[in-house]
Amino acid sequence: MGLAIEMIDICKEFPGTLANDHVSIQVAKGSVMCLVGENGAGKSTLMNILYGLLRPDFGEIRINGKTVEFHSSLDALNEKIGMVHQHFMLVEEISVLENIILGREPGKSQFIDYEQARKEIEDLMEKNGMPIPLDALVGDLPVGMQQKVEIIKVLYRGADILILDEPTAVLTPQETDELFNNIERISAMGKTFVFITHKLDEVIRVSDFIIVMRRGKVVGQVKTKDTNKYALAEQMVGKEIPPIRDREEKNGEKVIRLSNVNCHDHKGRKLLKNINLSIHQGEIVGVAGISGNGQQALAQTISGQLLSNSGEITYFGEDFTKVKRRERLLKGISYMPADRKKEGLCMEWSVAENSIAGYHILHQFVKKIGCLHFINESQMNENAIKMIERFDIRTPSHRTKVSALSGGNQQKVVIARETFVQKPKLLIAAEPTRGVDIGAISFIHNYIMDLRNEDTAGLLISSDLDEIFALSDTIVVLFEGEIVCHVKASEISKEELGLYMAGSKRQENEYES
Amino acid sequence: MDMMTMVLETTLRLLPAILFASLGGLITQRIKLVNLGLEGFMLIGAFVAVAVSYYTGSAMIAVLVTVIFCGLMGFTFAVFHLKFKADNIVISVAINMFALGITKYFMNLLFGVRGAFSSPEIVGLPKLRLAFLDEIPILSAFSNLSVFVYLALFLVVVTHVVLYRTKIGLRIRATGPNPMAVETAGVGVYRLKCWVLTVSGMLCGLGGAYLSLGQLTMFTDNMTNGRGFVAMAASNFGNAAPIGTFWGTALFSFSDAVTMRAQLYGFPPQLIQMLPYVVTVLTLVVMAMVKERKMKRGINHG
């Protein structure tokens, strides 16, 4: 078969970085190509160029053998290229049907021919085996269904080439399976897929052909059947990944215990329902679940940012139910929030300032002049310099604003602050490796494991099931603010976990701990 | 005429000015843009209508010029907001203050009067005389109304149809919640917003023209007197849906009409004049409470 996409010698420079450095790729018609690489490897830049959102400084794009030049995504659409963005481009307040036809409404005059639209879309759904209720509001649909709306929307626009940007990031394993089946079916009908991801298991499963990018360059092009995920990982990072640290047997005392904890927000919405959970020294409890099912409330209830409305929390046997964040922090409960840009860091502050934020009340960082308390800057800087060395934070200096750092290094600043100044007895790590490159992921995983082996209790909240399985001793699943599953990590499979996450299964007998 | 008919007739007479403006507010609300400038657009519209009518002797031309003029002002709003990224609240306040000053200034400059301008040469808007309704109770309120009353009601239907049945309507409805989605669907959001603001200006122009040529045939300082804000409240009341907004406007006009009639019967005017504003605040509070309760219920069920 011929080539659907050819990108020849593409260069794109952003101030300070060469995002695409003479990149050439070829994708055959009707195939599934995976583009893998770490964050910042230039995958998104390349795809944005292909979709007309960015213009290359240099290079040529050919679609079906014809040279094209894109000035906007509209030009790309006209060449039958469609993109399913990582963050869906859907309007939650209008119906599925209206979302699909938006911008390409059928009807000769200004009036929309809803009958024709419905017929066309129903045909399309049947042909591709993706039934969606057309009259439902998009906001009422689960995420997996919303993604189907996006795919149908792209197909409705007549796309022959579909770019999927990190499509599985928000899906349960079952939804992922369904997506892959759909991709297989649709590509068999002659459509070409470009699939961006960093989950290597999925790459191996779904693709025909893999292109690996690193630092703006293509470093590998292989047929899927000729490679495996370890080889790919090595190519992506450029070096071997050290295996995760061994897990020591632990049988420590109970650090925190939540009994019948309930929580609701100011509008009366239930965030947490009857949570019963204990974490022991040297135990990592992994919290799985589709995001938005109470993970943040759970983390905040334990960290003390959110006080529970009923129930009891004890910490080393002491009643902690009404104790506020500041005291909990001083007593050794550290919290790495999921959103490091909004909650974890102050982006406009320097690395040094961020390195003690929250811990600035500790005596070593306070300089007293009379009754006034000032920050002891020399101590702060000294601490930051030590931290940068210990955690290998890549920054020009400790005075650099954290906004100038890469995602991985920012996350290292957060984890360093939460664990270095004062060793935590309980570490809450929410999405510790989201948007972080593989090198840093491996560092953070090993570091968390080290802490565990040194008797720190851990609560790991993650939407990445591989991460949950790699680190956790115990796994709980949150669904609509309730713990629907509580098991030893070794006693459950990913698929089964997926059923709990989707709310289609529920553990009958409670786990004893 | 009995009391009921008179109140109904007054309500209908007061309705169009607010209704036009609230439709203008409604469409900008749909693109998530609070247009507090309705008041200023209306005031300028009222002045332009009177001036043009005075010079040309034609209400038709006056309305046409007003609509074009206010449309251009709406477009200017769009340019300042979208191109120069000025805050819409700041622009709105500027427009309102500008309108207040400029109308005063030109009234003095062109007609040499202060406070109010009226002249027999100002031609008002035509009325639709339906003599056969005279003898029918209640319906006789409709027997001698300005054509603009019907135009306003007609525009409610038009807005409804445009919003829910046409391509541009769908795009407008989608732009408010998620402009990025509309943009990636290949629709120019920038142009769409320009259009919406321009039309919003035009509608306010109609409201202003009705105020000075339909309801009265004169111009006085600050004659809109908060009607633009009431219009905004009405579109809020109706959740930016045309039919709901119509009912909101009807409610406010009705309370206004009751106020006017009650004054004739000797209620203390200071007290009774508060009524429309009290009704406005109360309805908004009640609406907010109802909305919240609905949301809560939705959550408990979901």
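Residues numbered from 1 in each chain as written. Chains lettered and ligands numbered in written order. Predicted model: local features only at pLDDT ≥ 70, side-chain atom pairs only at ≥ 80, totals over all residues. Heavy atoms only, no water.

J.: Help me get a handle on the confidence of the model for chain B, residues and values and all.
T.: All names here are of chain B. When pLDDT is averaged across chain B, the result is 90; 97% of the residues are at 70 or more. Looking at the elements of chain B, mean pLDDT is at its lowest for helix α12 (residues 275–301), recorded as 74, and at its highest for helix α2 (residues 38–56), recorded as 96. For this predicted complex, the interface score ipTM comes out at 0.84, alongside a pTM of 0.76. (pLDDT = per-residue confidence, 0-100. Helix = DSSP H or I, 4+ residues; strand = E, 2+ residues; numbered from the N terminus.)

J.: I'd like a description of the domain arrangement of chain A, backed by residues and values.
T.: All names here are of chain A. What the domain assignment lists for chain A is domain 1 (1–80 + 160–166 + 183–236), domain 2 (91–158) and domain 3 (254–501). Between the C-alpha centres of domain 1 and domain 3 the distance comes to 36 Å. Contacts between domain 1 and domain 3 engage four residues on the former and seven residues on the latter. At the boundary of domain 1 with domain 3, total buried surface from both sides reaches about 450 Å², with 49% on carbon and sulfur atoms. The largest share of the area that domain 1 buries against domain 3 comes from E38, N39 and K199, three residues that together contribute 68% of it. Along the contact surface separating domain 1 from domain 3 lie zero salt bridges. Partitioned by chemical class, the residues of the side of domain 1 that touches domain 3 number one nonpolar, one polar and two charged. (Domains from an automatic or database assignment. Contact = heavy atoms within 4.5 Å. Buried area = accessible area lost by both parts, 1.4 Å probe. Salt bridge = Lys/Arg side-chain N within 4 Å of Asp/Glu carboxyl O. Nonpolar A, V, L, I, M, F, W, Y, C, P; charged D, E, K, R; others polar.)

J.: Run through the sheet that holds strand β15 (residues 318–319) of chain A, naming residues and quoting values.
T.: Sheet strands associate in pairs through backbone hydrogen bonding, adopting either a parallel or an antiparallel arrangement. All names here are of chain A. The antiparallel open sheet is built from four strands, whose spatial order is β12-β11-β14-β15. Only two strands of the sheet have a single partner each, and these edge strands are β12 (270–280) and β15. Pairing of strand β14 (residues 310–315) with β15 involves two bridges; the strand directions are antiparallel. From the neighbouring strand, T314 faces β15, where its bridge partner is D319. (Pairing = 2+ DSSP bridges.)

J.: Please give an account of the pattern of salt bridges that cites residues and values.
T.: Going through the model one piece at a time under the given rule, you end up with 26 salt bridges over all chains. The closest approach of N and O atoms between K505 of chain A and E496 of chain A, which form a salt bridge, is 3.1 Å. Linking R129 of chain B and D134 of chain B is a salt bridge whose minimum nitrogen-to-oxygen distance equals 2.7 Å. In this structure D134 of chain B comes out as partly exposed when scored by relative accessible area, which is 30%. Shared partners join several salt bridges into a network, and the residues in it are E6, E60 and R62 of chain A. (Buried < 20%, exposed > 50% of the residue type's maximum accessible area, 1.4 Å probe, protein only.)

J.: Quick one: what's the story with the environment of F443 of chain A, residue by residue and with numbers?
T.: Take F443 of chain A: it is sitting in helix α15 (residues 438–453). Contacts of F443 of chain A, omitting those with residues within four sequence positions, involve R390, F391 and K412 of chain A.

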